[in-house]
Amino acid sequence: QVQFVESGGGLVNPGGSLTLSCTASTSSRGRIGGMGWYRQVPGSQRELVVFIADGGARNYADSARGRFTASIDKTNNKLTLQMSALRPEDTAVYYCNANLIRLGRPVQNFWGQGTQVTVAS
């Protein structure tokens, strides 16, 4: 019910930068609300990187604060994550997430297919 186009993953050296983009769309009743990025490494739970609520409030993980910056284009439902000072421990599959809003309330949560980020020399 929500489709995603994710891009920007890849291999980067420690200390380098990378930008992830995610565009969400829906053909269902309702509209796209809050959007965010999460990440997951094999054997671990998926964890929050940053979430931008429908009203615009941003929630960053401690590990991301000060190094990552998220921005959103609500007209096009495009979420961008600028990552800098990357560390090997940032290596993970990064997943875009979006809420579907109906009658002013989030009713369902959707995930993108994920994009691999690898930080290594």
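We now turn to the structure provided with this report.

Conventions and cut-offs
- Residues numbered from 1 in each chain as written.
- Predicted model: local features only at pLDDT ≥ 70, side-chain atom pairs only at ≥ 80, totals over all residues.
- Heavy atoms only, no water.
- Buried < 20%, exposed > 50% of the residue type's maximum accessible area, 1.4 Å probe, protein only.
- Helix = DSSP H or I, 4+ residues; strand = E, 2+ residues; numbered from the N terminus.
- Pairing = 2+ DSSP bridges.
- Disulfide = S-S within 2.5 Å.
- Lys, Arg positive; Asp, Glu negative; His and termini not counted.
- Salt bridge = Lys/Arg side-chain N within 4 Å of Asp/Glu carboxyl O.
- Polar contact = N/O pair within 3.5 Å; in protein donor to acceptor, adjacent residues only side chain to side chain.
- Contact = heavy atoms within 4.5 Å.

### Here's the deal with the pairing of strand β1 (residues 2–7)
Burial along β1 is one-sided: Val2, Phe4 and Glu6 are buried, while Gln3, Val5 and Ser7, pointing the other way, are not. Pairing of β1 with strand β3 (residues 18–26), which is carried by six bridges, proceeds in the antiparallel orientation. Following the sheet pairing, Phe4 is matched in β3 by Ala24.

### Some details on the state of the cysteines
Here a disulfide denotes a covalent bond joining the sulfur atom of one cysteine to the sulfur atom of another. A full pass over the atoms with the stated rule returns one disulfide. Each sulfur of the disulfide joining Cys22 and Cys96 lies 2.0 Å from the other. Disulfide Cys22-Cys96: torsion about the S-S bond near -85°, hence left-handed. With a gap of 74 residues between them, Cys22 in strand β3 and Cys96 in strand β9 (residues 92–102) connect regions that are remote in the sequence. Neither residue differs from the other here; Cys22 and Cys96 are each classed as buried.

### Here we look at unusual backbone geometry
Residue Ala85 is not a glycine yet carries a positive backbone phi of 50°. Mapped onto the secondary structure, Ala85 falls in the loop between β8 (78–83) and β9. For Leu103, which is not glycine, the phi dihedral falls at a positive 50°. In this structure, Leu103 sits in the loop between β9 and β10 (105–111).

### With respect to the side chain of Glu6
Tracing the backbone through its elements, the reader meets Glu6 in strand β1. Of the side chains with opposite charge, Arg46 comes closest to the buried, unpaired Glu6, at an N-O distance of 8.1 Å. Reaching out from Glu6, the side chain makes a polar contact with the backbone nitrogen of Gly114 at a distance of 2.6 Å. Setting aside chain neighbours within four positions, we find Glu6 in contact with Ser21, Cys22, Trp37, Tyr94, Tyr95, Cys96, Gly112, Gln113, Gly114 and Thr115.

### Description of the pattern of salt bridges
Here the structure, examined in full by the defined rule, presents six salt bridges. Of the charged contacts, one joins Arg31 and Asp54 as a salt bridge, the two residues approaching to 2.7 Å between their closest N and O atoms. Linking Arg31 in strand β4 (residues 31–40) with Asp54 in the loop between β5 (47–52) and β6 (58–60), this pair joins segments that are 23 residues apart in sequence. Assessed through its relative accessible area of 40%, Arg31 is described here as partly exposed. Residue Arg39 is joined to Asp90 by a salt bridge in which the shortest nitrogen-to-oxygen separation is 2.9 Å. Highlighted residues: Arg39 in strand β4 and Asp90 in the loop between β8 and β9, separated in sequence by 51 residues.

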